[in-house]
Amino acid sequence: MPDAGSAAAPATHTQPEEADRLRELLRRPAYQKALVFSALIGVPVSLIAFWFLAGVHELENALWADLPSELGWDTPPWWWPLPLLAVAGVAVALVVKHLPGAGGHIPAVGLHAPGQGSSILPGVVLAAFASLPLGATLGPEAPLIALGSGLAVLFAQLVRAPVTPQSTPLLAAAGAASALPVIFGNPLVGAVILIEVAGVGGPRLFAVMLPALLASGIGSLVFTGFGRWTGLSTGSLSLELGVPTPRLDAGDVLWSVLMAVAIGFAVHLIMNSGRLAAVFVSTRTIMRTTACAVAAGACAAVYTLVTDRSPADVASSGQATLGQLAQDPHSWGVGALIAVLLFKATAYALCLGSLRGGPIFPALFLGAAAGVLVAPLPGLGVVPGLAAGMAAASAAALRLPVSSALLVVLIMGSAAMTPVVILSAVVAFVTVQLLPPGRAVPVPGQPAQPPPDRDSDAPGDRAEQT
């Protein structure tokens, strides 16, 4: 039997070898050129991403605020989501059937590593504009990843920069990172998300993430300066809490663990339902996609009839509603919170499988609403419940615990809730990993995609599955 010293010997040589490989990589002229090009490419990609987000935001305001006001309603009437989402369903189905890339990836499978092609860009943009402003219960992050990565590769081809199989993933990651900062309010969040989505480690991690971090920082500067110059808003994700932040105690920690298990199980059911919806719309696409979209609109309509609140609480990403909930959580009664959880979760599952967008924003809202609902439990407060719920729901939906924890800490604007955020993210992630995997999702024109493998230990395996 080898002794302890001999067993540990291989590990002593691993770190120098890894460091040597990284040093060698950084000295390569080709990689240095890739870093410079990543910085340069971040500017045009960020500008286009800014206008994309601003356009989505302005069109959503026009359809859900300005137009109802001009027609004499303070808030959209109960039936308002039905025609809008019917149009969304038809438009997305046509994009899926007739344009390359099927309008981007199906949200029910989570987030994807940055793509490598630019041919899918028209379909991604059209599907996003047909889904997000018209009331899809989805966020803009997945289209932004596809848009940023596709634009980076496209610009490299336009300027005839040397593009190789090795450099293409770097450019795609840099483009995606430069497009993400504005919606999360911090360039680090997008970079960390790409770390976990790509699922790489060692020198490969640095090779991918140095261009991504560089482009992400530049993209954040462009978004900030350009937003001030134009006066337009893209709706970045940040919260202003309307209640004081308490000190954590044992009750907050205990309830956070129990919440994380329950939320992880519930979000797992929602994501699996979204995969079933994706299977349902994979045949007879136009009719069934439209049916799912209208059903999501019906969830918003019934919610309004039941609660007398705006249908936008359900038929939207939840970004604006999340801010309202955090600002004044006590304005939501128990009945309204239960109703929005039930109807938005159903609409979320339908949109995950049929329309196009990202899974982060609705998951954050559902987790926050669940946290506020259970906040009156003895020993639990509103702010710890809000933080733990968002972290658990995000980690369960994305299966990216580090990104979820960092995202929630940053949007809360305080590190006071960090312990329960990390604990909830990890517990929810482990809960989901231990549950049976969901149904494989067929992608138009591609082989069926397997669900994430809960038994896979290699991050790279997860990247290949997504």
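Rules used in this analysis
Per-chain numbering applies: the sequence of each chain, read as written, is numbered from 1 onward. Only residues with pLDDT of 70 or above have their local features reported here, since the model is predicted, and side-chain atom pairs are shown and tallied only from 80 upward, although totals for entire chains, interfaces and linings are computed over all residues. Values shown for side chains rest on all heavy atoms present in the structure; no hydrogens or waters enter the calculation. For this analysis, a ring pair means two rings from Phe, Tyr or Trp (six-membered ring only for Trp) whose centres lie within 6.5 Å, classed as stacked if their planes differ by under 30 degrees, edge-to-face if by over 60, and tilted for the remaining angles. When accessible area is computed with a 1.4 Å probe and restricted to protein chains, residues below 20% of their type maximum are described as buried, those above 50% as exposed, and intermediate ones as partly exposed. Only runs of H or I of at least four residues qualify as helices and only runs of E of at least two qualify as strands under DSSP, and these elements are numbered from the N terminus. A score from 0 to 100, pLDDT tells how confident the predictor is in each residue. Contacts were defined at the residue level, with two residues in contact if any of their heavy atoms lie within 4.5 Å. All axes are obtained by fitting lines to C-alpha atoms, using only the stretch in contact for helices, and the reported angles, taken between N-to-C directions, cover 0 to 180 degrees. Definitions for this section: a left-handed crossing has its near helix turned counterclockwise from the far helix by less than a right angle. A right-handed crossing has that turn clockwise. Gly falls in the polar group here, along with every residue not listed as nonpolar (Ala, Val, Leu, Ile, Met, Phe, Trp, Tyr, Cys, Pro) or charged (Asp, Glu, Lys, Arg). Among buried residues, those of type Ala, Val, Leu, Ile, Met, Phe, Trp, Tyr and Cys that are joined through side-chain atoms within 4.5 Å constitute a nonpolar core. Helix span is expected to be 1.5 Å times the residue number reduced by one. Roughly parallel covers angles under 35 degrees, roughly antiparallel covers those over 145, roughly perpendicular covers 65 to 115, and oblique covers all other angles. Residues form patches when they are more than 30% accessible in relative terms and have no salt bridge. Like charges link within 9 Å. Nonpolar side chains (Val, Leu, Ile, Met, Phe, Trp, Tyr) link within 5 Å. Note that accessible areas follow from Shrake-Rupley with a 1.4 Å probe, and for residues the cover is restricted to the protein chains shown. Salt bridge criterion: a side-chain nitrogen from Lys or Arg within 4 Å of a carboxyl oxygen from Asp or Glu.

(A) Fine view of the packing of aromatic side chains. Applying the stated criterion across every chain, the model contains seven aromatic pairs. For the pair Phe50 and Trp51, a centre-to-centre distance of 5.6 Å together with 85° between the ring planes defines the contact as edge-to-face. When its relative accessible area of 44% is taken as the criterion, Trp51 is described as partly exposed. Ring geometry for Trp79 and Trp80: centres 5.6 Å apart, planes at 45°, overall tilted.

(B) Fine view of unusual backbone geometry. Its identity as a non-glycine residue notwithstanding, Arg284 has a phi of 50°, on the positive side. For Arg284, the position within the fold is in the loop between α10 (250–281) and α11 (285–307). Note on Arg284: relative accessible area 54%, which makes it exposed. Phi is positive for Asp308, close to 65°, though the residue is something other than glycine. One can find Asp308 in the loop between α11 and α12 (319–327).

(C) Highlighting the confidence of the model for the chain. When the pLDDT values of the chain are averaged, the result is 79; 73% of them are 70 or greater. For residues 1–14, every residue scores under 50 in pLDDT, and the model assigns this stretch zero contacts once sequence neighbours within four places are set aside. Counted against residues more than four places away or in other chains, residues 447–466, with its pLDDT under 50, gives 41 contacts.

(D) Molecular detail of the packing of α10 against helix α17 (residues 418–434). Two elements in contact, α10 and α17, have axes separated by 8 Å at closest approach and are oriented at 35°. The handedness of the crossing between α10 and α17 is right-handed. Contacts from Asp252, Val253, Ser256, Val257, Ala260, Val261, Gly264, Phe265 and His268 in α10 reach Val420, Leu423, Ser424, Val427, Ala428, Thr431 and Val432 in α17. Here the residues of the contact of α10 with α17 are counted per class, giving ten nonpolar, five polar and one charged.

(E) Representation of the nonpolar core in the model. Of all hydrophobic cores here, the largest spans 118 residues; its most connected members are Leu144, Phe184, Leu325, Tyr348, Ile360 and Met390. Element by element, the count of residues in this core is highest for helix α15 (residues 382–398), at 13 residues.

(F) Structural view of α11. Taking 1.5 Å per residue as the helical rise, α11 with its 23 residues ought to reach 33 Å, and the 33 Å between its terminal C-alpha atoms agrees with that figure. One or two steps after α11, the chain reaches Asp308, where phi turns positive at roughly 65°.

(G) Geometry of the packing of helix α4 (residues 121–131) against helix α5 (residues 141–158). In the contact formed by α4 and α5, the axes pass within 10 Å of each other and the chain directions differ by 155°. Judged on the interaxial angle alone, α5 and α4 are roughly antiparallel. In this structure, the crossing between α4 and α5 has a hand that is left-handed. For the pair α4 and α5, contact is made by Leu121, Val124, Val125 and Ala128 and by Pro143, Ala146, Leu147, Gly150, Leu151 and Leu154, respectively. The residue inventory of the contact of α4 with α5, partitioned by class, reads nine nonpolar, one polar and no charged.

(H) Molecular detail of a nonpolar patch on the surface. A surface patch of nonpolar side chains, amounting to about 580 Å² of accessible area, comprises Leu67, Leu71, Trp73, Trp78, Trp79 and Leu305. Summarising the element assignment, Leu71 is placed in the loop between α2 (29–70) and α3 (81–98).

(I) The arrangement of helix α13 (residues 334–354) in detail. Relative to the 30 Å expected for 21 residues at 1.5 Å per residue, α13 spans 30 Å between its end C-alpha atoms, a close match to the ideal helical length. A large share of α13 lies buried, amounting to 15 of its 21 residues.

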